[in-house]
Amino acid sequence: MCGIVGYVGEKVALDVVVEGLRRLEYRGYDSAGVAIVTNETLWVAKKAGKLGNLEKLLAEEQLPPSGLGIGHTRWATHGGPTDVNAHPHISSNGRIALVHNGIIENYVTLREELAAAGITCESETDTEIVAQLVGQQVSAGLPLVEAMRVVCGRLRGAFTLVAVDSETPDGVVAARRNSPLVVGVGEGENFVASDVAAFIEHTREAIELGQDQLVSITPDTVKVITFDGEPAEVKPYHVDWDLSAAEKGGYDWFMRKEIYEQPRAVADTLLGRHDANSQLTLDEIRISEAELRRVDKIIVVACGTAFYAGLVAKYAIEHWTRIPCEVELASEFRYRDPIVGPTTLVVAISQSGETADTLMAIRHAREQQSRVLAICNTNGSTIPRESDAVIYTHAGPEIGVASTKGFLTQLVACYLLGLYLAQVREVKYGDEIAEILRELSAMPDAISEVLDDIGPVLNLAAEFADKRSVLFIGRHVGYPVALEGALKLKELAYIHAEGFAAGELKHGPIALIEDQVPVFVVVPPRGRDLLHDKVVSNLQEIRARGAKTIVLAEEDDDEVSRYADVMIKLPRVSTLLQPLVATVPLQMFACELATQKGHDVDQPRNLAKSVTVE
Ligand code: M6R
């Protein structure tokens with residue numbers, strides 16, 4: 001949560017920083033602020049609400065030109081979303097402006113210490129305490145980087161900090177622990193940010209900052225040290241997407257653009273994963289085949305949409321490999337004292353690679369000697385860095401807060417993992433794996449087919465804009481699809497939406513069915529006769545009680561169409577792969593319904609894209 005950017009160079013820092021914040025606004029939009037330094041003076045502007053409010057303020061205030069600046073867009077933790085609590089925070093001596101992403105856990109003690117020294121904080125934030133502490137250190141004569149290093153050593157919790165000192169106006173200093181920070185390396189200019197999207201229009205050369213490291217940037221230098229003051233090894237990398245990927249490209253919302261990007265994203269995630277003989281080669285896996293053969297349990301840990309991808313993974317992995325697979329909400333995992341050990345493979349799924357709950361879960365797993373494999377979309381982020389192996393999804397940047405192409409590519413990565421394990425453990429014949437890979441390679445076209453015929457879904461959204469409650473049901477892999485459809489609707493349209501396992505309806509939730517309640521029913525392909533028939537029975541049960549049924553089923557499934565008030569046709573695919581096509585209409589339904597209701601689809605209320613606090 002919170003987006004952070006810092007710039008030093010010859011351009012107008014304010015422009016670079018505000019543009020960077022625009023690209024980071026998906027991380028939080030409770031308030032925004034900037035600070036620039038010129039002639040040894042700090043200039044600060046900050047405002048509650050979205051970035052647009054800050055821009056209005058800046059248009060009135062006209063800050064002087066400067067080549068050094070920092071900025072912040074906030075997802076509030078300590079203290080409400082007010083002007084005073086907005087970042088940057090300024091030290092009492094007027095020298096330090098500082099922005100922060102994360103939570104300082106020992107801030108109460110530190111605040112008391114400052115109070116004893118006669119320093120009173122203006123805001124309710126934990127961040128201001130850090131600004132004050134750094135201010136004390138520079139007043140005592142330490143250069144900014146040293147001051148930050150000393151203060152970081154005293155902080156507990158998660159933080160990315162970026163600071164400038166009005167008396168040393170040649171650079172920006174940033175630090176990180178448990179929170180994301182990347183450095184953008186330009187020519188005669190350098191950047192720090194929570195995410196490369198903030199500087200992608202200026203440079204595609206980046207450096208990952210490791211845990212407990214500090215970086216100081218000037219226009220021509222980038223120096224990285226550890227919290228112990230030792231020089232740190234740097235890991236430069238080239239960002240393989242460009243500015244156009246971080247822009248809307250003519251769509252009204254990033255989310256809609258990202259839904260339409262799914263055929264390409266799925267194809268890219270499949271690219272280069274197997275040879276002509278269908279031998280899977282997941283070369284980012286740094287766990288030996290011998291170790292993979294010893295795995296006797298898989299536990300998938302993830303949050304939100306990624307958790308639902310994990311639920312689908314369970315069906316595929318258990319079916320293909322016969323390895324028991326549990327799926328656990330990352331936020332619950334370490335608190336229940338899970339039984340994990342050296343023969344457990346923990347699979348962490350995270351689009352951002354920064355989700356704190358998931359990160360803490362994998363740290364716990366590694367402490368218990370488990371091997372950890374990350375499925376992640378963000379190169380260089382913390383979760384893959386702290387894992388033994390990674391399968392990167394190649395979805396490109398996902399900016400809409402509601403995950404779409406992130407989800408579909410996570411599914412693909414899970415399928416690939418399942419097949420790879422089946423290959424390594426020799427529990428499936430080569431031709432069986434080849435057949436599933438063939439089916440997977442046809443999925444981009446199948447998804448395109450769904451998108452080409454999306455008109456009825458859009459009409460439905462217009463019709464349902466006033467509904468107060470929508471239900472989703474499914475069985476087998478259709479169950480996580482139902483959960484995902486409901487989550488999309490909750491987070492975007494702010495209406496009550498629930499997903500249920502269709503078989504569970506009669507154990508309680510069927511009481512919710514009343515006249516004209518919309519119920520989306522995900523019907524399995526007819527290839528699984530028993531499963532299909534059971535869902536058809538569930539469909540009849542709810543229809544008999546007055547529900548309006550919106551049925552997602554294979555295009556020529558005549559048996560089911562007679563129970564459907566609305567039929568959404570899906571291409572014929574095999575059962576386990578059906579989520580790749582069945583989720584798409586539900587994503588579009590939520591996007592369109594939220595649009596009809598006049599909501600901000602890309603930045604739904606109370607949410608942030610990357611949840612870096614527990
Ligand atoms: O970045 P991650 O995949 O770890 O994020 C996990 C969830 O926070 C995320 O999927 C969230 O549920 C989305 N807003 C759902 O659309």
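Here the structure is shown first, and the text comes after it.
Residues numbered from 1 in each chain as written. Predicted model: local features only at pLDDT ≥ 70, side-chain atom pairs only at ≥ 80, totals over all residues. Heavy atoms only, no water.

Q: Teacher, can you tell me more about helix α20 (residues 579-596) here?
A: Side chains of residues three or four places apart in an α-helix project in the same direction, reflecting 3.6 residues per turn. End to end, α20 covers 26 Å across 18 residues, agreeing with the expected 26 Å (1.5 Å per residue, within 8%). Taken from the residues just after α20, G598 is the one with a positive phi, measuring 80°. (Helix = DSSP H or I, 4+ residues; strand = E, 2+ residues; numbered from the N terminus. Expected span 1.5 Å × (residues − 1).)

Q: When you look at a negative patch on the surface in this model, what are you seeing that I'm missing?
A: A cluster of acidic side chains, namely D445, E449, D452, D453 and E555, defines a negative patch on the protein surface. In this structure, D453 sits in the loop between α15 (443-452) and α16 (455-463). (Patch = residues over 30% accessible without salt bridge, like charges linked within 9 Å, V, L, I, M, F, W, Y side chains within 5 Å. Areas by Shrake-Rupley, 256 points an atom, 1.4 Å probe, with all protein chains shown as cover. Salt bridge = Lys/Arg side-chain N within 4 Å of Asp/Glu carboxyl O. Lys, Arg positive; Asp, Glu negative; His and termini not counted. Charge placed at Lys NZ, Arg CZ, Asp CG, Glu CD.)

Q: Got a minute to help me understand the site of the ligand in this structure?
A: With respect to spatial proximity, 15 residues lie near the ligand, and among them S350, Q351, S352, T355 and E491 are the closest. One nitrogen or oxygen atom from the side chain of T355 is found 2.4 Å from an oxygen atom belonging to the ligand. In isolation the ligand offers 420 Å² of accessible surface; the protein chains occlude 90% of this area. Contributing elements (two or more residues each) for the shell around the ligand: α9 (304-321) and α17 (478-493). Its residues assigned to classes, the shell around the ligand comprises five nonpolar, eight polar and two charged. Of the residues that make up the shell around the ligand, three or more belong to each of domain 2 (254-441) and domain 3 (455-596). (Near = heavy atom within 4 Å. Polar contact = N/O pair within 3.5 Å; in protein donor to acceptor, adjacent residues only side chain to side chain. Nonpolar A, V, L, I, M, F, W, Y, C, P; charged D, E, K, R; others polar. Domains from an automatic or database assignment.)

Q: Where do I start with helix α7 (residues 262-270) in this structure?
A: Within α7, the full set of buried residues consists of Q262, P263, A265, V266, T269 and L270. When α7 is viewed along its axis, its buried side chains cluster within an angular range of 165° and face the same direction. Here the buried face of α7 lies against α6 (254-260), β19 (389-392), α13 (405-424), α14 (430-441), α15 and α20. The positive-phi residue at the C-terminal boundary of α7 is G272, with phi of around 70°. (Buried < 20%, exposed > 50% of the residue type's maximum accessible area, 1.4 Å probe, protein only. Arc of directions from axis to C-beta. Contact = heavy atoms within 4.5 Å.)

Q: I keep staring at the packing of aromatic side chains and nothing clicks. Help me out?
A: Two measures describe an aromatic ring pair: the distance that separates the ring centres and the angle between the ring planes. As enumerated under the stated definition, the model contains nine aromatic pairs in all. Consider the rings of F159 and F227, whose centres lie 6.2 Å apart with planes at 5°: the pair is stacked. Within this pair, whereas F159 is found in strand β7 (residues 157-165), its partner F227 is found in the loop between β13 (222-226) and β14 (235-238), the two being separated by 68 residues in sequence. Taking the relative accessible area as the measure of exposure, F159 reaches 0% and is therefore buried. With relative accessibility at 10%, the residue F227 sits in the buried group. Here F472 and F520 contribute two aromatic rings whose centre-to-centre distance is 4.9 Å and whose plane-to-plane angle is 10°, an arrangement assigned as stacked. (Phe/Tyr/Trp six-rings, centres within 6.5 Å; stacked < 30°, edge-to-face > 60°.)

Q: Whenever I open this one, the sheet that holds strand β4 (residues 68-74) confuses me. Can you help?
A: On the basis of which strands lie adjacent, the open sheet formed by eight strands has the order β3-β2-β4-β1-β10-β9-β11-β14 and antiparallel pairing. At either end of the open sheet lies a strand with only one pairing partner, and these are β3 (41-48) and β14. Here the average twist between neighbouring strands, direction ignored, is 20°. In the sheet, strand β1 (residues 3-8) pairs with β4 via six bridges, with the strands oriented antiparallel. Directly across from Y7, in β4, lies its bridge partner G69. Most of the contacts of helix α2 (residues 51-61) go to β3, to which it runs at about 135°, and overall it touches β2 (31-38) and β3. (Pairing = 2+ DSSP bridges. Axes fitted to C-alpha atoms, helices over the stretch in contact; angles between N-to-C directions.)

Q: Just to check I follow, could you spell out the pattern of salt bridges for this structure?
A: Opposite charge on two side chains lets them pair, provided their charged atoms get close. Within the structure shown, the criterion is met by 38 salt bridges. The shortest N-O distance in the salt bridge between E201 and R23 comes to 3.4 Å. Note that E201 is positioned in the loop between β10 (190-193) and β11 (205-208) and R23 in helix α1 (residues 13-24), a separation of 178 residues in sequence. Looking at R23, the relative accessible area reads 10%, which means it is buried. Note that D565 is salt-bridged to R543, the shortest N-O span being 3.1 Å. With D565 in the loop between α19 (558-561) and β24 (566-570) and R543 in helix α18 (residues 529-544), this residue pair connects regions lying 22 residues apart in the sequence.

Q: So what exactly am I meant to see when it comes to the pairing of strand β17 (residues 344-350) here?
A: The two faces of a sheet get side chains in turn, since along a regular strand they alternate between them. Within β17, seven of the seven residues are buried, which leaves it mostly tucked inside the rest of the structure. Because side chains alternate across β17, one face comprises the buried residues T344, V346, A348 and S350, and the other comprises L345, V347 and I349, equally buried. Bridge count for strand β15 (residues 297-302) against β17 is five bridges, and the pairing is parallel. By the bridge assignment for β17, I299 is matched with V346. Sheet analysis places β17 next to strand β18 (residues 371-376), joined by six bridges and oriented parallel. Paired with V346 across the bridge in β18 is V372. What joins β17 to β18 is helix α11 (residues 356-367), and the crossover it makes is right-handed. (Right-handed = clockwise from strand over helix to strand, strands pointing away.)

Q: What's the story with the side chain of Q213 in this structure? I'm lost.
A: Position of Q213 relative to the elements: it lies in strand β12 (residues 213-217). Leave out the neighbours within four places in its chain, and Q213 touches A174, A175, R176, V224, I225, T226, F227, A232 and E233.

Q: Is there a simple way to explain the nonpolar core in this structure?
A: One finds I298, L489 and F520 to be the most contacted residues of the largest nonpolar core, which totals 98 residues. Element by element, the count of residues in this core is highest for α13, at 14 residues. Mapped onto the domain boundaries, this core takes at least three residues apiece from domain 2 (254-441) and domain 3 (455-596). When residues no more than four places from it in sequence are discounted, the contact partners of F520 are L460, V470, L471, F472, I473, I550, L552, I568, L586 and F589. Within the second largest apolar cluster, 37 residues are counted, among which are A193, V196, A245 and I399. (Core = buried A, V, L, I, M, F, W, Y, C linked by side-chain atoms within 4.5 Å.)

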